[in-house]
Amino acid sequence: MKWLVVCALFGAVFSHTWMSCPWSFDVDPGRPADTVGPCETENVWHGVKYPNEYKAGDRMKVGWTSNNHAGGWVRIALAPYGQHKTHKAFDDNVMKVTCYGHDQRPGQTIYGDCKHPCNARAGCEYQAYEEDNARFDTTVKIPHNLADGDYVLQIKSAMSSHPHFYYSCARVKITGGNPSLKCPQSKLIVVPGCLKGTAVELSKYTKNSKPAQFCYKEDGPGYIDADMYRVPKNVQCDPRITCAVSIDGKGCKSQHKMKDITNDWKPEQICGEVKPAPAPTCDDGVKNQGEERIDCGGPCPACPVTMPPTTPADRVYSKFEFKKIAYPSEGYINGNAIVHVRHAVKKWQMTLFFDRKVEISQFWGGKLVSVNEFKTVYVFGNKSWNGRVPAGGKVNVGFEGKFPTGAVDSPV
C-alpha cells in the first residue's frame, strides 16, 4: 500500500505545467503547479539564483514544460513587481495569447496527451515565425515605454483536458525604456491555428483580458512579433527541463539534445553563435509580421477582396460553405468546398485561398486549373460533364491534403 501512495504522489507532482523560460519564481524541477494564482509562491532559495535581466527592445524566449500534455492556449502578461499579487494586474496588461503546444509528429498526440518532451523546442533554438507555434514556447518583445525596474511575467494556461488554469511567473529586471512614450491599447493578439484543449475554451482565456498599452517600437505602438526573427537574449534556455517529468524517461533521453541538459535547476544548452532567421518580407510565402493573410495586410499591401460584404444582383453565387475533417496533430485535412449558385452558368471556376500551405494530393468534382508557388491558392474548374449548373444548384469540389503546422482555417 505504501508503494501505491508514493506512485500517486509522484504523478500529482508532475501532472501539469509552469514557466521554465525565463527562470520562474521557483526553479525546482520537482515543484508542484499552481492553480490559485496569479503567481506561485516566490521561493527565495530557488527562484532568485538566476536573474532575468533585459533591455527595452530585447526579445525574450518564453517557454513551459509540456509535462506530457498537449492542446490549449497560454496567455502571457506583464505587470510591475509589487502589483503582481492580484489577477487584475495581469488581466489589464496582456501581451498575447498563443498556443500551448502539441507533438506534431504523426501519431504522437493522442486524446490531449503526448510523451514529454513532446517535440518541444530545445535550448539554442527559438520560434522565429508566427506559424511555428506548437512547440511549447514563443518569444515576446520587451516594450520600449517601461520605466526601469522589476516586472513580473505571467503565463496562464489550461492544457489538454484540465478544467482549470495553472499560473506561473518570473521576475524580470528591465532597463533602457522611455516611460514618457504613450501608446493606446491595441487589439488583443490571439495566435490562430492552435490545437484546442478539451476542457477550457479560448473565450475563458480572453475574458477580462485587456491588451496592455505597450509600445513595441521606439516611437510608437508597433507589433509585438514584427521582429520575431531576431534571436532572443535567453535563447540558451531549454524549456523542456528534464526527463524526470516524462512518462517515458528512456524515450525522452533519446530526444534531440535532452542528454545535454546537465542542470535540471537551470536547464539550458551551450549555443555558440545563434544566427537570426531571415527578416520577414511581403513576398516570403509566410504569414508573419502582423499580416492579415499571407504576404498581404498589416505592413504589406492590402489583401484582395475575395468575398464582397453584400450580395450584388449580378453575382452568380449566393453562399459559400466549407466542410472539413482535420487532424492537426497528423497534418491531414479532408474538405468539401460548396458554392450555391444564384444564376445558371455554363462553366465555372472556384478559387480557394488558404491561410497556410496545403499540399492537396487528391481532389474530385472538378479539375485543377492552377496553384500558386506557395500552395496557398488553388483554382479549380469544371469538368466536361459538370460545367452547366442551374439556378439554385451547387458546385461541390472535394479534396484531401496535408499541411505542415498548426491548424488550417476554412478557406475563402
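Numbers given to residues run from 1 along each chain, matching the order in which its sequence is written. Per-residue local features of the predicted model are confined to residues with pLDDT of at least 70, and side-chain atom pairs are confined, for both listing and counting, to 80 or more; whole-chain, interface and lining totals are unaffected and use all residues. Excluded from the side-chain calculations are hydrogens and water; all other atoms, namely the structure's heavy atoms, are used.

With that out of the way, let us pick up the overall build of the protein. To qualify as a helix, a DSSP run of H or I must reach at least 4 residues; to qualify as a strand, a run of E must reach at least 2; elements of each kind are numbered from the N terminus. Assigned secondary structure in the protein consists of 4 helices and 15 strands. Three labels apply to residues, based on accessible area from a 1.4 Å probe with only protein chains included: buried if under 20% of the type maximum, exposed if over 50%, partly exposed otherwise in between. Put simply, the protein has 412 residues, and 52% of those count as buried. Of all intrachain contacts in the protein linking residues separated by at least 6 positions in sequence, the fraction that spans at least 24 positions is 73%. If you sum the accessible surface of the protein, you get close to 19,600 Å²; carbon and sulfur atoms cover 55% of it. Contact criterion: two residues are considered in contact whenever any of their non-hydrogen atoms come within 4.5 Å of each other. Using a 1.4 Å probe, accessible areas were evaluated by the Shrake-Rupley method; residue-level cover was limited to the displayed protein chains.

This next bit is on the sheet that holds strand 4 (residues 73-80). If you trace the 5 strands from one edge of the open sheet to the other, you get 2-8-7-4-5, paired in mixed fashion. Each having just a single partner strand, strand 2 (53-55) and strand 5 (94-99) make up the two edges of the open sheet. Across the sheet, the axes of successive neighbouring strands diverge by a mean angle of 30°, strand direction being ignored. Here, strands pair whenever DSSP counts at least two bridges between them. When strand 2 meets strand 8 (residues 166-175), the two strands line up parallel, connected through 3 bridges. Bridge pairing in strand 8 links lysine 55 to threonine 175. For helices, the fitted line uses only the C-alpha atoms of the stretch in contact; every axis is such a line through C-alpha atoms, and the angle between N-to-C directions lies from 0 to 180 degrees.

The criterion is simple. A nonpolar core is a set of buried Ala, Val, Leu, Ile, Met, Phe, Trp, Tyr and Cys residues joined through side-chain atoms within 4.5 Å. Core analysis: the largest hydrophobic core is formed by 31 residues, its most contacted members being Met60, Val62, Ile76, Leu78, Met95 and Leu153. Counting residues per element, this core draws most heavily on strand 8, at 4 residues. Other than its neighbours up to four places away in sequence, leucine 153 contacts Met19, Pro22, Met60, Val62, Ile76, Ala77, Leu78, Met95, Ser168, Cys169, Ala170 and Val172. In this structure, Val341, Val345, Val358 and Val389 belong to the second largest nonpolar core, which totals 19 residues.

As a further point, take the pairing of strand 4. With 7 of 8 residues buried, strand 4 lies mostly within the body of the structure. Two strands pair when backbone bridges link them, and strand 4 and strand 5 are joined in this way by 5 bridges, in the antiparallel orientation. Its bridge partner being in strand 5, arginine 75 is matched across the sheet by valine 97. Direction of pairing for strand 4 relative to strand 7 (residues 149-157): antiparallel, over a ladder of 7 bridges. Opposite isoleucine 76, over in strand 7, you have isoleucine 155 as the bridge partner.

Turning next to a nonpolar patch on the surface. For patches, a residue must show more than 30% relative accessible area and have no salt bridge; joins then use 9 Å for like charges and 5 Å for nonpolar side chains, namely Val, Leu, Ile, Met, Phe, Trp and Tyr. Salt bridges, as used here, are contacts in which a Lys or Arg side-chain nitrogen is within 4 Å of a carboxyl oxygen on Asp or Glu. A contiguous nonpolar surface patch, about 210 Å² in accessible area, is contributed by Phe363, Leu368 and Val371. Here leucine 368 lies in strand 13 (residues 367-371). Residue classification places leucine 368 among the partly exposed positions, given a relative accessible area of 35%.

On to the pairing of strand 15 (residues 394-402). As paired strands, strand 10 (residues 332-341) and strand 15 are joined by 9 bridges and run antiparallel to one another. Its bridge partner lying in strand 15, alanine 337 is registered against valine 397.

A word on the packing of aromatic side chains. What counts as a ring pair is set by centres within 6.5 Å for rings of Phe, Tyr and Trp (its six-membered ring), and what kind of pair is set by the plane angle: stacked under 30 degrees, edge-to-face over 60, tilted for all other angles. Summed over the entire model, instances satisfying the criterion amount to 7 aromatic pairs. Look at tyrosine 100 and phenylalanine 136: their rings are 5.4 Å apart centre to centre, the planes differ by 85°, and that puts the pair in the edge-to-face class. Residue tyrosine 100 is found in the loop between strand 5 and strand 6 (137-141), and its partner phenylalanine 136 is found in the loop between strand 5 and strand 6; the two are separated by 36 residues along the sequence. Linked through ring pairs, Trp73, Phe165 and Tyr205 together constitute an aromatic cluster.

Another aspect to go through is the state of the cysteines. Two cysteine sulfur atoms form a disulfide, by the criterion used here, when they sit within 2.5 Å. Here the structure, examined in full by the defined rule, presents 9 disulfides. Between the sulfur of cysteine 99 and that of cysteine 194 lies a disulfide, 2.0 Å long from S to S. Handedness of the cysteine 99-cysteine 194 disulfide follows from its S-S torsion of about -85°: it is left-handed. Taken together, the residues span a long stretch of sequence, with cysteine 99 in strand 5 and cysteine 194 in the loop between strand 8 and helix 3 (202-206) at a distance of 95 residues. Across the pair, exposure class does not vary: cysteine 99 and cysteine 194 are buried alike. Each sulfur of the disulfide joining cysteine 243 and cysteine 252 lies 2.1 Å from the other. The sign of the S-S torsion, about -85°, decides the handedness of the disulfide formed by cysteine 243 and cysteine 252: left-handed. Residues cysteine 243 and cysteine 252 agree in their burial class; the two are buried.

None of this, on its own, says anything about what the molecule does.
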